[in-house]
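Reading the structure
Next come the chains, spelled out residue by residue.
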Amino acid sequence: MQRPLVLFSIALITGIITARACESYLFIAVSVSIIFFSFFMFFNSLKTPKLLLCGIIIFYSIGAFNYLYIYHLNISKYKEFIGKQVVIRGFVDSEPNIKSSSVTYVIKTHEII
């Protein structure tokens, strides 16, 4: 294989997209095991390097599990504030993003009261 980093990058992106679509650790674990067994059953007779196949599986699982971990970490940070009125101390960090019916800003927070 001439460009293994391209395959690794595609595997990483595919893992992130899959994790975003399903949002389940169990589904990712099952899909990693299915990919593992299918790669080694179908590509065992070909002359593809085993290290390349292992790298694809590793990058897929890194992308998926890292996305899910960060996603759940961010969600759990703000769960206690759902439905409550809060005061945010910080500063506006970006120019306004004006769309047809809304204006959004990126706010860097120091604390949420």
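Treat the numbers as computed from the prediction; the structure is a model and nothing was measured.

The end-to-end C-alpha separation of helix H3 (residues 50-77) is 40 Å, in line with the 40 Å expected for 28 residues at 1.5 Å each. Of the residues making up H3, those classed as buried are Leu52, Leu53, Gly55, Ile56, Ile57, Tyr60, Ser61, Gly63, Ala64 and Leu68. Along its buried surface, H3 packs onto helix H1 (4-22) and helix H2 (25-42).

Looking now at the packing of H2 against H3. Where H2 contacts H3, the axes come no closer than 10 Å and their chain directions differ by 175°. Taken together, the axis directions place H2 and H3 in an arrangement best described as roughly antiparallel. Listed contacts from H3 to Tyr25, Ile28, Ala29, Ser31, Val32, Ile35, Phe36, Phe39 and Phe40 of H2 are Lys50, Leu53, Cys54, Ile56, Ile57, Tyr60, Ser61, Ala64, Phe65, Leu68, Tyr69 and His72. In the contact of H2 with H3, the residues fall into 17 nonpolar, 3 polar and 1 charged.

About the thresholds
- Residues numbered from 1 in each chain as written.
- Predicted model: local features only at pLDDT ≥ 70, side-chain atom pairs only at ≥ 80, totals over all residues.
- Heavy atoms only, no water.
- Helix = DSSP H or I, 4+ residues; strand = E, 2+ residues; numbered from the N terminus.
- Expected span 1.5 Å × (residues − 1).
- Buried < 20%, exposed > 50% of the residue type's maximum accessible area, 1.4 Å probe, protein only.
- Contact = heavy atoms within 4.5 Å.
- Axes fitted to C-alpha atoms, helices over the stretch in contact; angles between N-to-C directions.
- Parallel < 35°, antiparallel > 145°, perpendicular 65-115°, else oblique.
- Nonpolar A, V, L, I, M, F, W, Y, C, P; charged D, E, K, R; others polar.

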